[in-house]
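Listed below are the residues making up each chain.
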Amino acid sequence: MKKVLVATDKPFAKVAVDGIRQIIEKAGYELLLLEKYTEHSDFVKAVEQVDAVIIRSDIADREVIEAGKNLKIIVRAGAGYDNIDLAAATEHKIVAMNTPGQNSNAVAELAIGMMIYMARNAYNGSSGTELRDKSLGIHAYGNVGKYVAGIAKGFGMKLYAYDPYVDASAMEKDGVKPLASVEELYSKCQYISLHIPANAQTKKSIGFELLSSMPKGATLVNTARKEVIDEEGLLKVFEARPDFKYLSDIEPDCKADVSEKFAGRYFFTPKKMGAQTSEANVNAGLAAARQIVDFLENGITTFQVNK
Ligand code: 3PG
């Protein structure tokens, strides 16, 4: 009997686990659960006997991949797959997939929610500002960026985006003005919502130059990855621009510095929680389970990211 492991340090909602179980057991496989584990070695051990793994932000490094003697497929139930060692997976002929789009609305709602929270001074009773008529620059117009645009449109924000991989006409159709460069996006927009993946090109790519070019009242919203920020540059902007604010889904490495010196100008979630809704868990978790069955039964590799 084939075995499928769900290894989630940050567990899915029960309704999602139940749905995953149904799909896996209907296919005649066994479901194994490893939730809220504290040691990476627990994951390494759990993967030894299984044919397939579903993960979230859990680290599927070379050690995990090499421990999976029967492992054929790893599915990241979510968008970003920077937590999978793709080279090691490819080397061991293991298919790696993600589930694009499945948790995007949840992430977009958090991005907008954090903007409102900061615009209203953390609901502390003082006079805040509104989102209406403010400029919002969407940095990367993928699934999450598109949802952010849809919600922000309802708030009456002025929408701009930069994404060299997306057709300008697709943005224009959504009422978003495509801009030709990342520099133009940052210098034009009071709010920037980040949706770029973390990879060799993007890591530390958002720093002092771009952030200090933002107009007055600059607010950076990061529901992407902390690694795309050049934190030295970020601290410099905090210092140089008393109007600058930073909202991030997950604490930056420089959290201690920020909280010591820049009170009231930041908000960080304690754990990555953009995709922490039962709807997103169901969408991404069930998609991952279906992709595993489709692959093991019929060799379908539509969402493979290490082709
Ligand atoms: C993603 O890449 O899909 C998001 O960052 C969600 O990550 P999570 O599944 O660990 O919450």
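In this text, all values refer to a predicted model and were calculated from it rather than measured experimentally.

> I'd like to hear about the sheet that holds strand 1 (residues 3-8), residue by residue, with values.
Strand order across the open sheet formed by five strands is 2-1-3-4-5, with parallel pairing between neighbours. Each end of this open sheet is capped by a strand with a single partner; those strands are strand 2 (30-35) and strand 5 (95-98). The average angle at which neighbouring strand axes cross in this sheet is 15°, direction not considered. Where helix 1 (residues 14-26) meets the sheet, its contacts fall on strand 1, strand 2 and strand 3 (52-55), and the angle it forms with strand 2 comes to roughly 150°.

> Requested: an account of the domain arrangement of the chain, with residues and values cited.
We note that the domain assignment places domain 1 (3-102 + 277-298) and domain 2 (104-268) within the chain. The straight-line distance from the C-alpha centre of domain 1 to that of domain 2 is 30 Å. Contacts between the two partners involve eight residues from domain 1 and, on the opposite side, five residues from domain 2. Here domain 1 and domain 2 share an interface that buries about 470 Å² over both sides, 43% of which is from carbon and sulfur atoms. For domain 1, the biggest contributors to the area lost against domain 2 are Asp-82, Gly-101 and Thr-277; these three give 68% of the whole. At the surface where domain 1 touches domain 2, the tally comes to one salt bridge. When the shortest N-O distance is used, the salt bridge between Arg-225 and Asp-82 registers 3.2 Å.

> Quick one: what's the story with helix 5 (residues 104-119), residue by residue and with numbers?
End to end, helix 5 covers 23 Å across 16 residues, agreeing with the expected 22 Å (1.5 Å per residue, within 8%). Here helix 5 has its buried residues at Ser-104, Ala-106, Val-107, Ala-108, Leu-110, Ala-111, Ile-112, Met-114, Met-115, Met-118 and Ala-119. Where helix 5 terminates, the next one or two residues include Asn-121, which has phi positive at roughly 50°.

> Give a detailed account of the site of the ligand, specifying residues and quantitative values.
Taken together, Lys-10, Arg-56, Ser-57, Arg-76, Gly-78, Ala-79, Gly-80, Asn-103, Arg-225, Lys-272 and Ala-275 make up the full set of residues near the ligand. Within the side chain of Lys-10, one N or O atom sits 2.8 Å away from an oxygen atom of the ligand. For the ligand, an oxygen atom lies 2.4 Å from a polar atom in the side chain of Ser-57. In isolation the ligand exposes 320 Å². Once the protein is present, 95% of that is buried. Classifying every residue of the shell around the ligand by side-chain character gives two nonpolar, four polar and five charged.

> Talk me through unusual backbone geometry; I want residue IDs and the actual numbers.
A positive phi angle is found at Tyr-123, which is not glycine, with a value near 55°. You can see Tyr-123 is positioned in the loop between helix 5 and strand 6 (135-139). In the Ramachandran plot, Asp-133 falls in the positive-phi region, its phi being about 70° despite a non-glycine side chain. With respect to the element layout, Asp-133 can be found in the loop between helix 5 and strand 6.

> An account of the nonpolar core is needed here, citing residue identities and associated values.
Judged by nonpolar contacts, the single largest core of 31 residues is most densely connected at Tyr-186, Leu-194, Leu-211 and Phe-244. With four residues, helix 10 (residues 231-240) is the single largest residue contributor to this core. Look past the residues within four positions of Phe-244 in its chain and what remains in contact with it is Leu-211, Ala-218, Leu-220, Leu-234, Val-237, Phe-238 and Arg-265.

> Lay out the pattern of salt bridges in plain terms, naming residues and giving numbers.
Per the counting criterion, the structure on display carries 14 salt bridges. Across the pair Glu-251 and Lys-255 runs a salt bridge whose closest N-O atoms are separated by 3.4 Å. One salt-bridge network, held together by shared partners, links Arg-62, Glu-66 and Glu-91.

> Break down the packing of helix 1 against helix 12 (residues 278-298) for me, with residues and values.
The geometry of helix 1 relative to helix 12 is characterised by a closest axis approach of 8 Å and an angle of 15° between their N-to-C directions. With respect to helix 12, the element helix 1 is oriented roughly parallel. Helix 1 and helix 12 meet at a crossing whose hand is right-handed. Across the interface between the two elements, Val-15, Ala-16, Gly-19, Ile-20, Ile-23 and Ile-24 of helix 1 pack against Ser-278, Asn-281, Val-282, Gly-285, Leu-286, Ala-289, Arg-290 and Val-293 of helix 12. Grouping the constituent residues of the contact of helix 1 with helix 12 by class yields nine nonpolar, four polar and one charged.

What counts and what doesn't
Residues numbered from 1 in each chain as written. Predicted model: local features only at pLDDT ≥ 70, side-chain atom pairs only at ≥ 80, totals over all residues. Heavy atoms only, no water. Pairing = 2+ DSSP bridges. Helix = DSSP H or I, 4+ residues; strand = E, 2+ residues; numbered from the N terminus. Axes fitted to C-alpha atoms, helices over the stretch in contact; angles between N-to-C directions. Contact = heavy atoms within 4.5 Å. Domains from an automatic or database assignment. Buried area = accessible area lost by both parts, 1.4 Å probe. Salt bridge = Lys/Arg side-chain N within 4 Å of Asp/Glu carboxyl O. Expected span 1.5 Å × (residues − 1). Buried < 20%, exposed > 50% of the residue type's maximum accessible area, 1.4 Å probe, protein only. Near = heavy atom within 4 Å. Polar contact = N/O pair within 3.5 Å; in protein donor to acceptor, adjacent residues only side chain to side chain. Areas by Shrake-Rupley, 256 points an atom, 1.4 Å probe, with all protein chains shown as cover. Nonpolar A, V, L, I, M, F, W, Y, C, P; charged D, E, K, R; others polar. Core = buried A, V, L, I, M, F, W, Y, C linked by side-chain atoms within 4.5 Å. Parallel < 35°, antiparallel > 145°, perpendicular 65-115°, else oblique. Left-handed = near helix turned anticlockwise from the far one by under 90°.

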